[in-house]
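Chain by chain, the residues:
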Amino acid sequence: MTEPMVSDEQELIRQYILFGILFRAVMADLGQMRIVPLKFSYQMMFDELSRWAERQHHQLRRILRQRGCTVVSSRRQGHMYVVHYRQRGYVREAIYTIEVLRAECQELVHLWTRYEQRGENKQ
């Protein structure tokens, strides 16, 4: 689970964007949880999830740089998420649907949860 299993730059870009969005979303949720007191403390779970997402995000950025690819900009535009990246000297554009990215981020959370449960069962 430490090394992303992807082959081409477009898939790397997509995963890079996903993990970046996941990291920011978890941090925003954690901020909201600090405002509203809860009966149980979920902060440790959010901290671990955000660290995992951030590590994956940075690892993907390193892999992209090694392949000569860098993200120039990424921003939300209406219902779309627009990413500009430089690959072999050319600036390219990738467009993602916000709804799909949100669903994929939710899948990443499920993946992380299953991974963490397996780790606890081994101990």
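Just so you know, these numbers come straight off a predicted model, no measurement behind them. (Residues numbered from 1 in each chain as written. Predicted model: local features only at pLDDT ≥ 70, side-chain atom pairs only at ≥ 80, totals over all residues. Heavy atoms only, no water.)

**Student:** Whenever I open this one, the nonpolar core confuses me. Can you help?
**Tutor:** It is characteristic of soluble globular proteins that their nonpolar side chains tend to be buried jointly. Ranked by size, the top nonpolar core spans 29 residues in total, and within it I13, I17, F19, L22, Y81, V83 and Y96 carry the most contacts. Elements supplying a minimum of two residues to this core: helix 1 (9-35), helix 2 (43-66), strand 2 (80-87), strand 3 (90-97) and helix 3 (98-122). Take this core: its biggest share by element is eleven residues, from helix 1. Setting aside residues no more than four positions away along its own chain, V83 makes contact with I13, I17, V71, S73, S74, R92, E93, A94 and Y96. (Core = buried A, V, L, I, M, F, W, Y, C linked by side-chain atoms within 4.5 Å. Buried < 20%, exposed > 50% of the residue type's maximum accessible area, 1.4 Å probe, protein only. Helix = DSSP H or I, 4+ residues; strand = E, 2+ residues; numbered from the N terminus. Contact = heavy atoms within 4.5 Å.)

**Student:** I'm lost on the environment of V109 in this one. Help?
**Tutor:** Looking at the element boundaries, V109 is found in helix 3. Between the alpha carbons of V109 and V26 there is a distance of 9.8 Å; along the sequence they are 83 residues apart. When sequence neighbours within four positions are dropped, the list of residues in contact with V109 reads L22 and L49.

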